[in-house]
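Take a look at the letters that make up each chain.
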Amino acid sequence: MTMANFSRALQAIQHGRVRTAILAGGFGHRLDAATDQARNMHAVAKPACTVGNLRIIEFTIRALRKAGISDFHIFLCFLPDSIRQVVGNGKIYGANVNLTESTQELTDPLDTASVVGNLVHKNGWAKNDGDVILVPSADIVHDINIAAVLDRHLENREQHGACATIVSNIVPWNTVERFGTMRLEGMPERKAFKSNLEFEDAVGTWLTNRQAASAKIIEFREKAHRDAALSCLNNSSFYIFDAVLFRQLLPMFTKDDKGAALIPELFQ
């Protein structure tokens, strides 16, 4: 399908209402020595690792460019120079790139949310009712049709009042502890089936028949033991938010002068 099929998304992009906040600060522990400075003097951040003939971050950059998006805001933290060497000033992609290196503690659980929230407010996007923030992780290999996802988000906003979208995919039940999982309204539950395969098939059928691209997310849970996983529906680390949502959220991401979270319950 071409961009002409996604009129809402195309119009939003052409009118400059679509912003980006690309997350490229992860540690990449599961890549073993490739990202481990203690064992590899040439270690790089996960987004700078090569898959095929592309660095991982380039899958996201190319997908955004294919959708017609050319302004990128990228957040760095771990081994930032290795990512700078990949993206430079962005001109190789025909794009404008702004790099922000986190000054917060690497283990700070508010880090990702706060840097995105601060970017949105710093640029005044939260004041614009029509602005949309794309928040992809730069450490995933994907072929997401961003125009299609954005168009669906805008349609769900019009029809259901949605303010956020999570891109997801099915993973085998015996691997769910490696992923963040979610429960959608009305979807099958594992306990109702005798085997993993029956459950996975039921979820697949439900997704197809119910057109779950408009289903409400009831609960989201980060990596957890299989018994605590919500489903076999994986968070694919690509999010879309209405910018105005951050008017309400920023206080939750903010700390006082001593570094304490303003809302401790959320921090925990």
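Here, every reference points to the structure presented above.
Residues numbered from 1 in each chain as written. Predicted model: local features only at pLDDT ≥ 70, side-chain atom pairs only at ≥ 80, totals over all residues. Heavy atoms only, no water.

## Side note on the environment of Ser7
The condition that has to hold: By definition, any uninterrupted DSSP run of H or I lasting at least four residues is a helix, any uninterrupted run of E lasting at least two residues is a strand, and each is numbered from the N terminus.
Note that Ser7 resides in helix α1 (residues 7-14). For the pair Ser7 and Asp151, spaced 144 residues apart in sequence, the C-alpha to C-alpha distance is 7.4 Å.

## Side note on the pattern of salt bridges
Inclusion rule: Salt-bridge detection follows one rule: a side-chain nitrogen of Lys or Arg within 4 Å of a carboxyl oxygen of Asp or Glu. Burial classification: accessible surface area is computed with a 1.4 Å probe over protein chains only, and a residue below 20% of its type maximum counts as buried, one above 50% as exposed, and the rest as partly exposed.
In this structure the tally under the stated criterion is 15 salt bridges. The shortest N-O distance in the salt bridge between Arg19 and Asp131 comes to 3.1 Å. With Arg19 in strand β1 (residues 18-20) and Asp131 in the loop between α4 (111-122) and β7 (132-136), this residue pair connects regions lying 112 residues apart in the sequence. Overall, Arg19 belongs to the partly exposed group, its relative accessible area being 23%. Judged by relative accessible area, which is 0%, Asp131 ranks as buried. For the salt bridge of Arg84 with Asp81, the shortest nitrogen-to-oxygen distance reads 2.7 Å. Residue Arg84 and its partner Asp81 are located together in helix α3 (residues 80-87), separated by three residues, close to a single helical turn. The structure contains a network of salt bridges with shared partners spanning Arg8, Asp151 and Glu158.

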